[in-house]
Amino acid sequence: MMFTKRLHEPISKGKVTCTIRIWQSPHAKVGGRYRLGQGYVEVTKMRRIEISDITPELARRSGFAGVVDLLKVAKHGPGENVYLIDFRYRRD
């Protein structure tokens, strides 16, 4: 799982603890560890949601200014399934 460069610092400081992804099928799994900087993010929860569930507050929790900003980054390819992924950052 990759993150836009501007989110690396807020994630490593624990300010961003979730992400929204729009995929055809999941590309991450609960318990999975994904390298980020000097540590990794560990997925603690993942669930499908509807695009209408993405609120401005959820967009901000994900590190974006708003829903439109988030949606510009969240979609990866032709996917239509929306996933809310909670994670924690761990240092090596």
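The preceding data block contains the structure.
Conventions adopted
- Residues numbered from 1 in each chain as written.
- Predicted model: local features only at pLDDT ≥ 70, side-chain atom pairs only at ≥ 80, totals over all residues.
- Heavy atoms only, no water.
- Helix = DSSP H or I, 4+ residues; strand = E, 2+ residues; numbered from the N terminus.
- Buried < 20%, exposed > 50% of the residue type's maximum accessible area, 1.4 Å probe, protein only.
- Salt bridge = Lys/Arg side-chain N within 4 Å of Asp/Glu carboxyl O.
- Core = buried A, V, L, I, M, F, W, Y, C linked by side-chain atoms within 4.5 Å.
- Contact = heavy atoms within 4.5 Å.
- Polar contact = N/O pair within 3.5 Å; in protein donor to acceptor, adjacent residues only side chain to side chain.
- Phe/Tyr/Trp six-rings, centres within 6.5 Å; stacked < 30°, edge-to-face > 60°.
- Lys NZ or Arg CZ within 6 Å of the ring centre and 35° of its normal.

Peer 1: Lay out the environment of V68 with the relevant residues and their values.
Peer 2: Mapping V68 onto the fold places it in helix α3 (residues 67-74). Since its relative accessible area comes to 58%, V68 is described here as exposed. In this structure, the C-alpha to C-alpha distance between V68 and S25, residues 43 residues apart in sequence, is 22 Å.

Peer 1: Got a sec to walk through the pattern of salt bridges? Specific residues and values, please.
Peer 2: Under the definition given, this model contains 8 salt bridges. Linking D69 and R6 is a salt bridge whose minimum nitrogen-to-oxygen distance equals 3.1 Å. Separated by 63 residues along the polypeptide, D69 in helix α3 and R6 in the segment before α1 (8-12) bring together distant segments of the chain. The class for D69 is partly exposed, based on a relative accessible area of 25%.

Peer 1: Give a detailed account of the nonpolar core, specifying residues and quantitative values.
Peer 2: In terms of nonpolar packing, the biggest core is built from 27 residues, with M1, F3, I11, I20, V41, I49 and L70 touching the most fellow members. Taken together, the elements giving at least two residues each to this core come down to β1 (18-23), β2 (33-36), β3 (39-49), α2 (56-61), α3 and β4 (81-91). If one sorts the elements of this core by residue count, β4 sits on top with 6 residues. Setting aside its immediate chain neighbours within four residues, I49 contacts I20, I54, L58, V82 and L84.

Peer 1: Which residues make up the side chain of T19, and what are the values?
Peer 2: Looking at the secondary structure, you find T19 in strand β1. On the basis of relative accessible area, T19 is assigned to the buried category, the value being 6%. Within polar-contact distance, the side chain of T19 engages the side chain of R21 at 3.1 Å. Among residues more than four places away in sequence, those in contact with T19 are M1, F3, S62, Y83, L84, I85 and F87.

Peer 1: Give me the lowdown on the packing of aromatic side chains, citing residues and values where you can.
Peer 2: As enumerated under the stated definition, the model contains 2 aromatic pairs in all. Each ring, one from W23 and one from Y83, has its centre 5.9 Å from the other, and the planes form 40°; the classification is tilted. Residue W23 is found in strand β1, and its partner Y83 is found in strand β4; the two are separated by 60 residues along the sequence. The burial state of W23 is the same as that of Y83; both residues are buried. Note that R21 overlies the ring of F3, its terminal NZ or CZ placed 5.0 Å from the centroid.

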